[in-house]
Structure formats: structure tokens, C-alpha cells
Amino acid sequence: MEILIFLGVIWFFSSVFSGGNSTGYANTNISAPELKIQKAPNFEEDKVYQFKLKGFFPFRSDGNYNYVVSIFDATEGSDNLAPIFSYIPEISEPTTLAYQMVFQDVYIPAFGGYDEFIDMGRIPIEFLSPPKKGKKKLLVLLRVFPSYVDADIEFGFGGENSVYEVSTEFNYTFTNPGYMETLENQEKIVTTSIELALAMAHSDGNLDKTEIKVIKEWIKDKSKKYNAETEKFAVDSELKKIYEDSFSEATEEIKGGNLSTSQILSSFIEIADEKSKHDVVELCYKVLTADGNMDDEEKNLIKIISDELDIKHEDLENLKDQSLLSLSISDKDHSSDEINDLLGISDSMSKGQKIEKLRGDFNKWNSRLNVISDQNEKRNAQEMIDLISKELKNLR
């Protein structure tokens, strides 16, 4: 079910509570805890924020505590808070998509705390989503729980067992549709994704059976809904029929030349959130590698799609690498241009640049080989390593 995004994605943590001095009540500069939010340095634009903590807790005895951080959309006021969703599992609640960051077993002495602001962590805000896009007032709430107590937080709410709370606010403008807008447009997002995948498959003038199979498997996956009674995901037959009908209609439209990629992209960009953009690029890469070929038309089209959707280069590389795991290099003969494309090198690069790139990729694929469990993917990864080694040998 879950698509990797990331493709490429990116996960930020700084050293927790290492920058401040924990002191006792006797400190003459004692102050109540406070949070501070600011843009993180060394990151492009304002995509990453950091939050800091300063001050002393009124706890009368030493103890270990868990710090739990939630974020809310407070634009409509404190009485109308809405959860902020995260598309990164590591900073989501265990059972929901709501943002949550947990720091476990933090030792705090009696009346202890921090006499200067210490860096707690990073907020990769481009991977967060409010209910709807636009300028938002965000509430960052830190709750403190004894380590032996269950926080009991769901969608950011609850947590009555906390022994201390501290919060702060900041403003941010979200340009991508929020999760409520995405939910409202979900059927349209999926049907438009199907159209883009079919455009990718037909870019060489043919619709290969293996490419169609990939798209139909994706449709089946997207047709699943969570069943609360069985606590499992199952295919919703009505939803599946909607998507299959869209597939049939789009196939005829694209074959007849009545549906252009620019039209599809324009419709998709209007309604798609960040996760949906990564999902469709991942699908397109699966289609691209399904028949074992990567034609120039397909490579050009996926570049156009990625550029229009503003997918970061590192995320695109991760999605490409993931798709290569399903591609058996030895199943067909490849031209020198195809090999260069697989390796990500070109004639415009110097010999030194090629060697540096290939050495880095060799280490990357070699590390990946050790964690892949699927035997076909392991074989394909080994083929990629062999291809890199052969090219390095040719360059020496």
C-alpha cells in the first residue's frame, strides 16, 4: 500500500538536549520552560524549521520523562484546532498520520532544566500537510509525561496524563493542497495518475502488456480501503470499477491522440499534494522499467513530468534507484547510450567526474545489497554493481 516517496526523502534530527546545562533550583536565572521556532540554517528556502527549548521545570523530584511534540493548525483559533499530518512515518503517531515527535527517557533533576535554548529537532515542513492550503498559524505543543505513563494521544488530542505543557506558534504558507482537499479530490488524483502512467507507457507508440500489468496492479492497490471490523485493507469493488473505467477511457483517448500530457499535468498539479506527486512519479518509473527497456521518449517524458511537478533531484534519484531494482539488466543487450543512462553518466562528463560518480554509486548499491530481502531485487542489484564495476574498469 505505502509508496515510497522519498522518495528521497529526507529525515532530520539534531542531537537532543546536548547544548544546555541541566541545573537545580538554586540557579538565579530560573525561568519557566519556553519553546522557540526558527528557520533551520543551511537548508534551501524555508523548507525546514527547528524548535528549541529553554527554562526549568517545577518538578520537585528527579525523574525520567517522555517529551511528545504535536503540531496543530490554529488558524481558526485555539477552540478550533486541527491536526497537522506528516508523510514521514518516523514523525507520525503510531496509528494515525498526525505529526508526532517523541523524545524518550529524558532525565530531569528536581527543578532542573536548561539555562539557554537547546536545539531539540527539525521540522521538515514540506512533508507536512494542514487540512487546507494557504497561510496558516501553526501551534507547536510539547507535552511532558512521566516515562512510565501512556501518553494516549490521537490526532494530536488527548494526553491528559501530561505533567507539563509548553507551546509556541509560527506562520507558514502551504502551497500544496491540504489533506482534506486531497481527500475530496482523491478519485480525480488517482484517475489523473492513471492517465499520466498510460501516457508514459504509450510514449513509444505502444502499450506493452507488462506496462499495462503494472498500472492495473497500482489500480488494485489504490482501490483498497481500511475495514475497521477486520482491521485490514481490502479492495473496494465500486472504487475499483471507477478506476478501471477511467483506465479504459484514458487508453482510448491516448491511443486516439485526444489527451496530451500537458493537459493531464495541468489538471493534476491543481489538485495533487506532495505525496501524490511522488506517488505518480514512482508509478511512471515502474512503467518505464516494466518491459526492460528505457526508450528516449519515455526518459524525456518522465523528465518533463518530474520537472513540472518540481520533484527534487535527490528524491528523483531515489525513485529511479527503486525502479531499477525491478529491472533485470542481463535480460537484454544494451547499447552504450542505454548503459550510460542506467549509470547516470554522459559524454559531457570528464573521466574524473565519471569515476567519482560511479564509485559513489558502487558503494550505494553495495550497501543496499546487504539489506534487500527479495531475491529478484537482490539479483538485479548485483547486476547493477557488476555493470558499475565493468565501466570503472573501462575508465581506468
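Look up a bit, the structure's there.
Residues numbered from 1 in each chain as written. Predicted model: local features only at pLDDT ≥ 70, side-chain atom pairs only at ≥ 80, totals over all residues. Heavy atoms only, no water.

Thoughts on the overall build of the chain
For the chain, the helix and strand inventory stands at 11 helices and 14 strands. Each of the 396 residues in the chain was classed as buried or not, and the buried ones make up 47%. Considering only contacts within the chain whose residues lie at least 6 apart along the sequence, 76% involve residues at least 24 apart. Carbon and sulfur atoms make up 45% of the accessible area of the chain, which amounts to about 20,300 Å² in all. (Helix = DSSP H or I, 4+ residues; strand = E, 2+ residues; numbered from the N terminus. Buried < 20%, exposed > 50% of the residue type's maximum accessible area, 1.4 Å probe, protein only. Contact = heavy atoms within 4.5 Å. Areas by Shrake-Rupley, 256 points an atom, 1.4 Å probe, with all protein chains shown as cover.)

Focus: the pattern of salt bridges
When the charged atoms of two side chains with opposite charge come close together, those side chains can pair. Inspection of every chain in the model, using the stated rule, returns seven salt bridges. Notably, a salt bridge pairs Lys241 with Asp245, separated by 3.0 Å at the nearest N-O pair. On the criterion of helical spacing, the pair formed by Lys241 and Asp245 is a turn pair, its members being four residues apart in helix H4 (residues 237-255). Look at the salt bridges and you will find they share partners, linking Lys222, Lys275 and Asp279 into a network. (Salt bridge = Lys/Arg side-chain N within 4 Å of Asp/Glu carboxyl O.)

Observations concerning helix H7 (residues 296-308)
Taking 1.5 Å of rise per residue, the 13 residues of H7 would be expected to cover 18 Å, and the 18 Å separating its terminal C-alpha atoms lies within 8% of that figure. The set of residues buried in H7 consists of Glu298, Lys299, Leu301, Ile302, Ile305 and Ser306. Buried residues in H7, looked at end-on, bunch into an arc of 165 degrees, giving them a common side. Exposed and oriented more than 90 degrees from the buried face of H7 are Asp296 and Lys303. Positioned one or two residues after H7, Asp310 has a phi angle of 60 degrees, which is positive. (Expected span 1.5 Å × (residues − 1). Arc of directions from axis to C-beta.)

Some remarks on the nonpolar core
In terms of nonpolar packing, the biggest core is built from 35 residues, with Phe51, Tyr67, Tyr99 and Met120 touching the most fellow members. For this core, the elements supplying multiple residues, two or more each, are strand E1 (34-39), strand E2 (48-56), strand E3 (63-73), strand E6 (101-108), strand E7 (113-124), strand E9 (134-146) and strand E12 (164-174). The element best represented in this core is E12, accounting for five residues. Residues Leu198, Ala201, Phe268 and Ala272 belong to the second largest nonpolar core, which totals 34 residues. (Core = buried A, V, L, I, M, F, W, Y, C linked by side-chain atoms within 4.5 Å.)

Points about unusual backbone geometry
Of note, the phi angle at Asp105 is positive, near 50 degrees, even though the residue is not glycine. Mapped onto the elements, Asp105 comes out in strand E6.

Concerning a negative patch on the surface
A cluster of acidic side chains, namely Asp150, Asp152, Glu154 and Glu160, defines a negative patch on the protein surface. Positionally, Asp150 belongs in the loop between E9 and strand E10 (153-154). Relative accessible area serves as the criterion here: at 59%, Asp150 is assigned to the exposed category. (Patch = residues over 30% accessible without salt bridge, like charges linked within 9 Å, V, L, I, M, F, W, Y side chains within 5 Å. Lys, Arg positive; Asp, Glu negative; His and termini not counted. Charge placed at Lys NZ, Arg CZ, Asp CG, Glu CD.)

A closer look at the sheet that holds E1
The sheet built from three strands is open, its strands ordered E1-E2-E7 with antiparallel pairing. Looking along the sheet, the strands with just one partner apiece sit at the ends: E1 and E7. On average, each strand axis in the sheet is tilted by 20 degrees relative to the strand beside it, whichever way the strands run. Sheet topology places E1 next to E2; six bridges connect them, and they run antiparallel. Paired with Glu34 across the two strands is Lys54, which belongs to E2. (Pairing = 2+ DSSP bridges. Axes fitted to C-alpha atoms, helices over the stretch in contact; angles between N-to-C directions.)

Points about the packing of helix H5 (residues 261-271) against H7
Where H5 contacts H7, the axes come no closer than 11 Å and their chain directions differ by 30 degrees. With respect to each other, H5 and H7 are oriented roughly parallel. You can see that H5 and H7 cross each other, and the crossing is right-handed. In contact with Thr261, Leu265 and Ile269 of H5, H7 contributes Leu301, Ile304, Ile305 and Glu308. Taken together, the residues that form the contact of H5 with H7 break down as five nonpolar, one polar and one charged. (Parallel < 35°, antiparallel > 145°, perpendicular 65-115°, else oblique. Left-handed = near helix turned anticlockwise from the far one by under 90°. Nonpolar A, V, L, I, M, F, W, Y, C, P; charged D, E, K, R; others polar.)

Considerations on the pairing of E2
When you tally the buried positions in E2, you get eight out of nine residues, the bulk of the element. In this structure, E2 lies alongside E7, joined through eight bridges in antiparallel fashion. The residue bridging Lys52 from the neighbouring strand is Asp119, located in E7.

In short, shape yes, function no, at least from these values alone.
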